[in-house]
Each structure stands twice: as C-alpha cells, then as structure tokens.
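Structural overview for review
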Amino acid sequence: MTAPTVGRKIPAFSVATTAADKLSSRDLAGAPYVLYFYPKDDTPGYTLEGKDFRDQHGKFRRLKMRILGVSRDSLASHAKFRTKYELPFELVSDSDEALCQLFDVIKDKNMYGKKVRGIERSTFLVDADGVLRQEWRKVKVEGHVAEVLAAAEKL
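Summarised in this report is the structure supplied together with it. Computed from a predicted model, the values in this text were never measured in an experiment.

**A closer look at the overall build of the protein**
- Looking only at helices and strands, the protein features six helices and nine strands.
- A compact globule built from 155 residues would reach a C-alpha radius of gyration of about 15 Å, and the protein, at 14 Å, matches this within 12%.
- Overall, the C-alpha framework of the protein stretches about 45 × 35 × 30 Å when taken along its three principal axes.
- The burial tally for the protein puts 46% of its 155 residues in the buried class.
- The contacts in the protein between residues at least 6 apart in sequence include a share of 62% that link residues at least 24 apart.
- For the protein, the accessible surface area stands at approximately 8,400 Å², while carbon and sulfur atoms represent 49% of it.
- The positive charge centre, built from 27 side chains, and the negative charge centre, built from 22, are 1 Å apart in the protein.

Here it is, written out as structure tokens:
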C-alpha cells in the first residue's frame, strides 16, 4: 500500500487511543483533523511539540479540528504522559506500526552509531472529507505547530 498523497482521500484505518478502544477514520469523518507522529513519549522534542499543540489547542478547537498524537508507545505510557503535561487531545498507540506504515513514517535512523528503525517526526492535515491537504515530514519542532495552525485556518 502506498502512503497517502496530498489531494487524495486517506485510506481507512482503526486505532486505539487514550480516549477510545477503537477510533476509525470513519469516526473522524465530518471534521478536519491533525495526525502528528513522534518517536517516543517524554522525550525532549516530543514534550516541546506536545506542549505547543496543547498551548494552541483552543485555536484548533475553534476550527472544529481534532488533534491526534501518534507513537508506538503503549496506552499506559500515553496516559501518564498526557496527565503529566495536561495534554487536552488524544494520543494514539500504534504498537503494531500499522498507522506508521500506512503514512510511511518508519525510517532508518542512526542512534549513537547504530542503525535503528524509528518514527520520523511527521504531521498530516486532513480535511472534513478525509482528504489529505498538507503533510510535513522531517519536522523541526520550533515553529511547527504555528505552521500547522496557519494551514488549518485555510481549510
């Protein structure tokens, strides 16, 4: 299966979140949403990104936009992380990497001289019809949420 393409409908998916045992693309239909993928809970980069999405959450809500953070961490890890940083949005546990593979965010990385497979920080903006409107890959945290919000305001 090929990764979603800007301007095309997202393939169907179903995931577990901190708020629901099962959340499907069908459940998300009718409202725009942001899917952002990050490597791991409670790491410096993700903590900053999560807090930025938290701090701008009210603006996304006014746009009737849902935010979903995705990593391979367990729901228990996500629940602790959400509580610790008072994140007002759902986190998706993609422990089987199905959603990560669908969006082609699992990449070879070099960590301390060793090759590992991990999530490449990426964000996807999906409209109310389930069409991918914009994607950001190899995300740098600083200023990223403001950029996503600006794109969301144009939907």
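**Brief notes about the packing of aromatic side chains**
- One pass over the structure, following the stated rule, counts nine aromatic pairs.
- Relative to tyrosine 38, the ring of tyrosine 36 lies with its centre 6.0 Å away and its plane at 35°, an arrangement referred to as tilted.
- Taking the relative accessible area as the measure of exposure, tyrosine 36 reaches 0% and is therefore buried.
- By relative accessible area, which is 0% here, tyrosine 38 ends up buried.

**Here's the deal with helix H2 (residues 44–55)**
- Taking 1.5 Å of rise per residue, 12 residues should cover 16 Å, and H2 covers 16 Å from first to last C-alpha, within 8% of that figure.
- Within H2, burial applies to Tyr46, Thr47, Glu49, Gly50 and Phe53. Buried residues along H2 cover an arc of 170° about the axis, so they all sit on one side. Looking at H2, the residues exposed on the side facing more than 90 degrees away from the buried face are Pro44 and Asp55.

**So, helix H6 (residues 144–153)**
- Those residues of H6 not exposed but buried are His144, Val145, Val148, Leu149, Ala151 and Ala152. Projected onto a plane normal to the axis of H6, the buried residues spread over an arc of 160° and lie on a single side.

**Structural notes on the environment of serine 24**
- Along the polypeptide, serine 24 turns up in strand E2 (residues 23–24).
- The buried category is assigned to serine 24, whose relative accessible area is 18%.
- Taking the C-alpha atoms as reference, serine 24 lies 7.3 Å from alanine 12; in sequence the two are 12 residues apart.
- In this view, serine 24 contacts Phe13 and Ser14; residues no more than four positions away in its chain are not counted.

Rules of the game
- Residues numbered from 1 in each chain as written.
- Predicted model: local features only at pLDDT ≥ 70, side-chain atom pairs only at ≥ 80, totals over all residues.
- Heavy atoms only, no water.
- Helix = DSSP H or I, 4+ residues; strand = E, 2+ residues; numbered from the N terminus.
- Rg over C-alpha atoms; globule rule 2.2 N^0.38 Å.
- Buried < 20%, exposed > 50% of the residue type's maximum accessible area, 1.4 Å probe, protein only.
- Contact = heavy atoms within 4.5 Å.
- Areas by Shrake-Rupley, 256 points an atom, 1.4 Å probe, with all protein chains shown as cover.
- Lys, Arg positive; Asp, Glu negative; His and termini not counted.
- Charge placed at Lys NZ, Arg CZ, Asp CG, Glu CD.
- Phe/Tyr/Trp six-rings, centres within 6.5 Å; stacked < 30°, edge-to-face > 60°.
- Expected span 1.5 Å × (residues − 1).
- Arc of directions from axis to C-beta.

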